[in-house]
Amino acid sequence: MKHGTNQSYGTSEMAFHNPLNNIDNYAWNKLYKRSLFEDVIYPVGYLWEDIGTTYKIFERAESVFLSNRVLYYYYKRATNITSNLSTKALQHIFELRYIRYKDLKETYPQISQMLFSEVVTSAFAFYRWGICENYNSQKLDEVKKFLHDYQNSILHGDYFKSGKLHKLYFKFNAVYNLLHKIKFKLRFLKQYFRIVKCI
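Values in this document were obtained by computation on a predicted structure and should not be read as measured data.

A. The arrangement of the overall build of the chain in detail. When helices and strands are counted, the chain shows nine helices and two strands. Of the regular secondary structure in the chain, the N- to C-terminal order runs β-α-α-α-β-α-α-α-α-α-α. For the chain, the residues scored as buried account for 37% of the 199 residues in total. If you sum the accessible surface of the chain, you get close to 13,300 Å²; carbon and sulfur atoms cover 54% of it.

Quick look at the structure:
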């Protein structure tokens, strides 16, 4: 959608391309017909639960209207989840994007690669944070299984920018882990000294 315009789209044209690229999954900036939520609920116990819900609503909608009018505002707080990612949030983002990919890949093949790349990006982000924080080993084993199951697609897909890092993960996993642990510690120290400087 171009800024400064109002547009209306049919679902087949719109719902699984533009929203995922430009509008995203956020629940807060949309108005819905109540009937679209019949038998659809936000996943219980998940952070970023709208990833697992919004695409289902777009799939049911007969049309989607986009407006450039500011009807209400999103209040930014220092503690909101979009400003404070955690390992748990990254785990949930990965899991929900993976479910969405599996739900949509057959019906909407034109965006399956884009959806898959989002799953892979989320998987690596969750894995990196998880190993640095000694996160739940069962959940880390699940993401490792995903990465190894799709190793060929990840290494040979033309839609990933960090190809060298992905190769390092598969070929020299211990080195990959060490590099990210060092990076994580440096980021923590940088934040610590910034706080100390402000005191």
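B. Just the packing of aromatic side chains, in detail. For the structure on display, the rule yields 12 aromatic pairs. Consider the rings of Tyr26 and Trp48, whose centres lie 6.4 Å apart with planes at 45°: the pair is tilted. Highlighted residues: Tyr26 in the loop between helix 2 (18-23) and helix 3 (54-60) and Trp48 in the loop between helix 2 and helix 3, separated in sequence by 22 residues. Taken together, a centroid distance of 5.9 Å and an interplanar angle of 35° make the contact between Phe37 and Tyr42 tilted. Relative accessible area serves as the criterion here: at 23%, Phe37 is assigned to the partly exposed category. Between the NZ or CZ atom of Lys102 and the centre of the ring of Tyr98, over which it lies, the distance is 4.2 Å.

C. How the structure looks around the side chain of Ser112. For Ser112, the position within the fold is in helix 5 (residues 112-132). Apart from the residues lying within four places of it in its own chain, the contact partners of Ser112 are Tyr101 and Lys105.

D. Geometry of the nonpolar core. Phe94, Phe124, Phe146, Leu147 and Ile154 are the most contacted members of the largest nonpolar core, which has 36 residues in total. Elements with a contribution of two residues or more to this core: helix 4 (87-104), helix 5, helix 6 (137-149), helix 8 (163-171) and helix 9 (173-198). Looking at this core element by element, the count peaks at 12 residues for helix 5. Setting aside chain neighbours within four positions, we find Phe146 in contact with Phe94, Tyr98, Phe116, Val119, Val120 and Ala123.

E. Structural view of unusual backbone geometry. Positive phi, normally seen in glycine, also occurs at Trp48, with a value near 55°. With a phi angle near 50°, Asn134 is a residue other than glycine that sits in the positive phi range. The residue Asn134 is located in the loop between helix 5 and helix 6 in this model.

F. Fine view of helix 4. If you check helix 4, its first and last C-alpha atoms are 26 Å apart, about what 18 residues at 1.5 Å a residue would give, namely 26 Å. A large share of helix 4 lies buried, amounting to 13 of its 18 residues.

G. Helix 5, seen in detail. Helix length check: helix 5 (21 residues) gives 31 Å between terminal C-alpha atoms against 30 Å at 1.5 Å per residue, within 8%. Burial runs high along helix 5: 17 of the 21 residues are buried. Asn134 lies just past helix 5 and shows a positive phi near 50°.

H. Looking closely at the side chain of Gln91. Along the chain, Gln91 turns up in helix 4. Note on Gln91: relative accessible area 6%, which makes it buried. Of the polar contacts made by the side chain of Gln91, one reaches the side chain of Tyr135; its length is 2.7 Å. When sequence neighbours within four positions are dropped, the list of residues in contact with Gln91 reads Phe126, Tyr135 and Lys139.

Procedures and definitions
- Each chain carries its own residue numbering, running from 1 in the written order of its sequence.
- Totals for whole chains, interfaces and linings use all residues, but because this is a predicted model, local features are given only for residues with pLDDT of at least 70 and pairs of side-chain atoms are given and counted only at 80 or more.
- Side-chain measures were taken over the full set of non-hydrogen atoms in the model, leaving aside hydrogen atoms and water.
- Helix and strand assignments come from DSSP, with helices taken as H or I runs of at least 4 residues and strands as E runs of at least 2, each series counted from the N terminus.
- Think of it in three bands: residues with accessible area under 20% of the maximum for their type are buried, residues over 50% are exposed, and the middle band is partly exposed, with areas taken using a 1.4 Å probe on protein chains only.
- Surface exposure here means Shrake-Rupley accessible area, sampled with a 1.4 Å probe, where a residue is shielded only by the protein chains that are shown.
- For Phe, Tyr and Trp, where Trp contributes only its six-membered ring, two rings pair if their centres lie within 6.5 Å, and the inter-plane angle classes them as stacked under 30 degrees, edge-to-face over 60, or tilted in between.
- As a reminder, the over-ring test applies to NZ of lysine and CZ of arginine, requiring each to be within 6 Å of the ring centre and within 35 degrees of the ring normal.
- Note on contacts: a residue pair is in contact if any heavy atoms of the two residues lie within 4.5 Å.
- To form a nonpolar core, buried Ala, Val, Leu, Ile, Met, Phe, Trp, Tyr and Cys residues must be joined to one another through side-chain atoms within 4.5 Å.
- A helix is expected to span 1.5 Å for every residue after the first.
- For this analysis, a polar contact is any N or O atom pair within 3.5 Å, provided that within protein one partner can donate a hydrogen and the other can accept it, and provided that sequence-adjacent residues contribute only side-chain to side-chain pairs.

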